[in-house]
Amino acid sequence: MASPIGFTVTRVPVAETYPLRALVLHRGAPPEVAKVAGDEQPDVATFAARDADGVVVGCVGLFPAENGSWRIRRLATAEEWRGLGVGTAVLAAALAHVEAHGGGTVWCNATPAGAALFLRAGFEQVGEAWEDPVFGPNVRMVRKG
């Protein structure tokens, strides 16, 4: 999927997203810090947005969860690409993957600032915000399938 402002979204090996995930979600920590248990399982789908030079500027992981649901993890967009549709595009790729694999409920934990992206994609906030020890304030977002 190509964008008129110069990025393309494709499914990628998860390791290609570790540098961006570490930069955005772990305040510039080394890329290996960005690994999540289960990242490399064959049924986990990882999508990345790449700029015209091939640099990963956005990413998201999609994990099969219990009861036929799916969990979105580690959605990240490079700071200079925020507000340009990158997050929306990688999330759309993940949601298209869900539909292509039988649909189902999709959920995630999001920062309050990031929740707006999920709201625009048809998710609803479930419950109250809480404090995650690594990522700070979080809310649960759910999109019924």
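Computed from a predicted model, the values in this text were never measured in an experiment.

What counts, and where the lines are drawn
Residues numbered from 1 in each chain as written. Predicted model: local features only at pLDDT ≥ 70, side-chain atom pairs only at ≥ 80, totals over all residues. Heavy atoms only, no water. Helix = DSSP H or I, 4+ residues; strand = E, 2+ residues; numbered from the N terminus. Rg over C-alpha atoms; globule rule 2.2 N^0.38 Å. Buried < 20%, exposed > 50% of the residue type's maximum accessible area, 1.4 Å probe, protein only. Contact = heavy atoms within 4.5 Å. Areas by Shrake-Rupley, 256 points an atom, 1.4 Å probe, with all protein chains shown as cover. Lys, Arg positive; Asp, Glu negative; His and termini not counted. Charge placed at Lys NZ, Arg CZ, Asp CG, Glu CD. Phe/Tyr/Trp six-rings, centres within 6.5 Å; stacked < 30°, edge-to-face > 60°. Lys NZ or Arg CZ within 6 Å of the ring centre and 35° of its normal. Pairing = 2+ DSSP bridges. Right-handed = clockwise from strand over helix to strand, strands pointing away. Core = buried A, V, L, I, M, F, W, Y, C linked by side-chain atoms within 4.5 Å.

1. Topic: the overall build of the protein chain
Turning to step 1, where the next piece is worked out: When helices and strands are counted, the protein chain shows three helices and seven strands.
Turning to step 2, where the next piece is worked out: Its helices and strands in sequence order give the protein chain the pattern β-α-β-β-β-α-β-α-β-β, from N to C terminus.
Turning to step 3, where the next piece is worked out: Taken against the 2.2 N^0.38 rule, which gives 15 Å for 145 residues, the C-alpha radius of gyration of the protein chain at 14 Å falls within 12% of a compact globule.
Turning to step 4, where the next piece is worked out: Along the longest, intermediate and shortest principal axes, the C-alpha atoms of the protein chain span 40 × 35 × 30 Å.
Turning to step 5, where the next piece is worked out: In the protein chain, which comprises 145 residues, the proportion classed as buried is 43%.
Turning to step 6, where the next piece is worked out: Within the protein chain, contacts between residues at least 6 apart in sequence are counted, and of these 58% link residues at least 24 apart.
Turning to step 7, where the next piece is worked out: Per element, the accessible surface of the protein chain, about 7,600 Å² overall, is 54% carbon and sulfur.
Turning to step 8, where the next piece is worked out: With 13 positive and 15 negative side-chain charges, the protein chain shows a separation of 3 Å between the mean positions of the two kinds.

2. Overview of the side chain of Thr-46
Turning to step 1, where the next piece is worked out: Here Thr-46 is to be found in strand S2 (residues 45-51).
Turning to step 2, where the next piece is worked out: When neighbours within four sequence positions are excluded, Thr-46 is seen to be in contact with Thr-10, Arg-11, Val-12, Val-14, Thr-17, Val-60 and Gly-61.

3. Details of unusual backbone geometry
Turning to step 1, where the next piece is worked out: A positive phi angle, close to 50°, is found at Arg-27, a residue other than glycine.
Turning to step 2, where the next piece is worked out: Tracing the sequence through the fold places Arg-27 in the loop between helix H1 (18-25) and S2.
Turning to step 3, where the next piece is worked out: In the Ramachandran plot, Arg-74 falls in the positive-phi region, its phi being about 60° despite a non-glycine side chain.
Turning to step 4, where the next piece is worked out: Residue position: Arg-74 is located in strand S4 (residues 70-77).

4. Describing the packing of aromatic side chains
Turning to step 1, where the next piece is worked out: Taken as a whole and assessed by the stated rule, the structure comprises two aromatic pairs.
Turning to step 2, where the next piece is worked out: Judged by centre distance (6.1 Å) and plane angle (90°), the rings of Phe-7 and Trp-81 are edge-to-face. Of the two residues, Phe-7 sits in strand S1 (residues 7-11) while Trp-81 sits in the loop between S4 and helix H2 (86-100), which places them 74 residues apart along the sequence.
Turning to step 3, where the next piece is worked out: You can call Phe-7 buried: its relative accessible area is 5%.
Turning to step 4, where the next piece is worked out: Between Phe-118 and Phe-123 the ring centres are 5.2 Å apart and the planes differ by 75°, which places this aromatic pair in the edge-to-face class.
Turning to step 5, where the next piece is worked out: With a relative accessible area of 3%, Phe-123 lands in the buried category.
Turning to step 6, where the next piece is worked out: It is Arg-73 that lies over the ring of Phe-63; its NZ or CZ is 5.4 Å from the centre.

5. Digging into the pairing of S4
Turning to step 1, where the next piece is worked out: In terms of burial, S4 is largely enclosed, as six of its eight residues are buried.
Turning to step 2, where the next piece is worked out: Sheet analysis places strand S3 (residues 56-64) next to S4, joined by six bridges and oriented antiparallel. Bridging from a neighbouring strand, Leu-62 pairs with Ile-72 of S4.
Turning to step 3, where the next piece is worked out: Counting the residues that bridge the hairpin from S3 to S4 gives five residues, and of these Asn-67 lies at a positive phi of roughly 60°.
Turning to step 4, where the next piece is worked out: When S4 meets strand S5 (residues 106-110), the two strands line up parallel, connected through two bridges. Pairing of Trp-70 across the sheet is with Val-106, part of S5.
Turning to step 5, where the next piece is worked out: Regarding the hand of the β-α-β motif, the stretch spanning S4, H2 and S5 is right-handed.

6. Topic: the environment of Gly-122
Turning to step 1, where the next piece is worked out: Among the secondary structure elements, Gly-122 is positioned in the loop between helix H3 (115-120) and strand S6 (124-132).
Turning to step 2, where the next piece is worked out: In this structure, Gly-122 is in contact with Val-142 and Arg-143, ignoring residues within four places of it in sequence.

7. Regarding the nonpolar core
Turning to step 1, where the next piece is worked out: Counting residues in each nonpolar core, the largest one holds 36 residues, and the members touching the most others are Val-9, Ile-72, Phe-118 and Met-141.
Turning to step 2, where the next piece is worked out: Take this core: its biggest share by element is eight residues, from H2.
Turning to step 3, where the next piece is worked out: The residues touching Ile-72, leaving out its near neighbours within four places in the chain, are Val-60, Gly-61, Leu-62, Leu-91, Ala-94, Val-106, Trp-107, Cys-108 and Phe-118.

Everything listed here is a matter of coordinates, which is why it stays silent on function.
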